[in-house]
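# Analysis of the macromolecular model
Residues per chain, in single letters:
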Amino acid sequence: MSNTTSGPVRSGERIPVLDVLRGIAVGGILIGNMQWFSGYGMMPAQLLADTPLVDQITHFLVHVLVEGKFYSIFSFLFGFGFAMQMARAAERGDTRGTIFKRRLAWLFVIGLMHAYLLWAGDILSVYAILGFVLLLFRKTSDRSLLKWAAALLLIPVVTYVLLSLLFVAFVPANALAEFEAGQAQFWYDSVQKASQGTYLQILADFNLQYIVGRYAGLIFQMRLPKILAMFLIGMYAYRRGIFQNPEANRPFIRRVAVYGITMGLASNLIFAWLSGNEAPFPPSFAGLVGVAFYAVGVPALALGISAAVVILWQSEAPKKFLSAFAPVGRMALTNYLMQTVICVLIFYGYGFGKFGSFGALQATITALAIVVAQLIISAIWLRYFSYGPMEWVWRQL
């Protein structure tokens, strides 16, 4: 009789560097999200140009170094974890991923509650949906996984070309001025609603409106194929044994680190300079070039950072520093949701009401302070418990 119970990964089965990478990714995701929690990232371009230079530089650096990279690392790890769970399930005789499907279903529920009750920028529900799609690839060959990943990463570029053609063909010349005026008005309305609204007012108005815009944005930006592509690359990494046996894969990991970071930084500099958005609107030639470099640069830099961490993990001094991120990674779900709770209390009207009043630099410093606090709290928590509170809830469900 097969054992179909789901429990935490036993300590002997854990790959510590994965927890480190997951912890780094959670911290990086917060730094990127903080631009949106604070409202600075929602500010129209014409208003951003009037903000202090230090905030414009910080925002530019977040585009270059952070935006897209850390959710891509997390997506890569999700794909790796999926392949690992499928292998463990097969050992138990579960060839259909029954437990994995249950976990995804509850993750979707948690994600929807997170999106509506707290913050529309949720990524959990998206991961859950795409996790079901990932099941279709569990028997795909290694070579095909990489081909699919490459094709998925190109979809946003092709889509943006088609969008540009449609925009030129059908949108009247005066639409741009009307669009910019509408953006500015939306910004001012959002600041008032988010910074002054009560919890119920934000729930019924701002959050609901934000959710519609958020999921429309995910489709318009073609975020879904980007995430799925990183899932597939993570699956490939598991099959190749990258993290299970880093010494045997050391030359390959070094190449990924060198080429990924070099090509990733160059591509992201061009992306941030030309577009500063993964799907800038209205469409333009500069925007198209930016989108193309985003498609190349984000996964390259994400994989380059991951490979560099694996290399550093092999040396004692860097390992001591990096190990501080492992507890955060072991409690990734708890820390991700706690970041939201803290941030909505800082920025929304039922908390301190600071939405729209933070510049990019202040938002980034605040994010770093939260990350440091989570490093400390996660380490203390895991001295007494095997896993985080939300991880426990999810496993019980």
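What comes next concerns the included structure. None of the values given here were measured: they were computed from a predicted structure.

### Here we look at helix α12 (residues 285–313)
- The terminal C-alpha atoms of α12, which comprises 29 residues, lie 42 Å apart, in line with the 42 Å expected from a rise of 1.5 Å per residue.
- Most pronounced at Y294, the bend in α12 amounts to some 30°.

### So, the packing of helix α7 (residues 142–170) against α12
- Viewed as axis vectors pointing N to C, α7 and α12 meet at an angle of 175°, and their least axial separation amounts to 9 Å. The angle between the axes of α7 and α12 places the two elements in the roughly antiparallel class. Across the interface between the two elements, L153, P156, V157, Y160 and V161 of α7 pack against G287, L288, V291, A292, A295 and P299 of α12.
- By residue class, the composition of the contact of α7 with α12 is 10 nonpolar, one polar and no charged.

### Focus: the side chain of S378
- Turning to its location among the elements, S378 is positioned in helix α16 (residues 360–384).
- Within the local environment of S378, its side chain forms a polar contact with the side chain of N335, the two groups lying 3.1 Å apart.
- Other than its neighbours up to four places away in sequence, S378 contacts P327, V328, M331 and N335.

### Some points on the pattern of salt bridges
- Going through the model one piece at a time under the given rule, you end up with four salt bridges.
- Measuring nitrogen to oxygen at the nearest pair gives 3.1 Å for the salt bridge that ties D19 to R22. In this pair, D19 and R22 both sit in helix α1 (residues 16–37), three residues apart, roughly one turn of the helix. With respect to burial, D19 and R22 carry one shared label: buried.
- The partner of D142 in a salt bridge is R239, and the shortest N-O contact between them spans 2.9 Å. With D142 in helix α7 and R239 in helix α10 (residues 223–240), the pair connects residues that are 97 residues apart, well separated along the chain.
- Look at R239 and you get partly exposed, because its relative accessible area is 31%.

### Thoughts on the packing of aromatic side chains
- Evaluated as defined, the whole model comprises 23 aromatic pairs.
- Considering the side-chain rings of W187 and F355, the 6.4 Å spacing of their centres and the 35° angle between planes classify their relative orientation as tilted. In this pair, W187 sits in helix α8 (residues 175–196) while F355 sits in the loop between α15 (332–347) and α16, placing the two residues 168 residues apart along the sequence.
- A residue is classified by how much of its surface remains accessible, and W187, at 6% relative accessible area, is buried.
- Its relative accessible area of 2% is what places F355 among the buried residues.

Rules behind the numbers
- Residues numbered from 1 in each chain as written.
- Predicted model: local features only at pLDDT ≥ 70, side-chain atom pairs only at ≥ 80, totals over all residues.
- Heavy atoms only, no water.
- Helix = DSSP H or I, 4+ residues; strand = E, 2+ residues; numbered from the N terminus.
- Expected span 1.5 Å × (residues − 1).
- Bend = angle between axes of the 7 residues up to and from the residue.
- Axes fitted to C-alpha atoms, helices over the stretch in contact; angles between N-to-C directions.
- Parallel < 35°, antiparallel > 145°, perpendicular 65-115°, else oblique.
- Contact = heavy atoms within 4.5 Å.
- Nonpolar A, V, L, I, M, F, W, Y, C, P; charged D, E, K, R; others polar.
- Polar contact = N/O pair within 3.5 Å; in protein donor to acceptor, adjacent residues only side chain to side chain.
- Salt bridge = Lys/Arg side-chain N within 4 Å of Asp/Glu carboxyl O.
- Buried < 20%, exposed > 50% of the residue type's maximum accessible area, 1.4 Å probe, protein only.
- Phe/Tyr/Trp six-rings, centres within 6.5 Å; stacked < 30°, edge-to-face > 60°.

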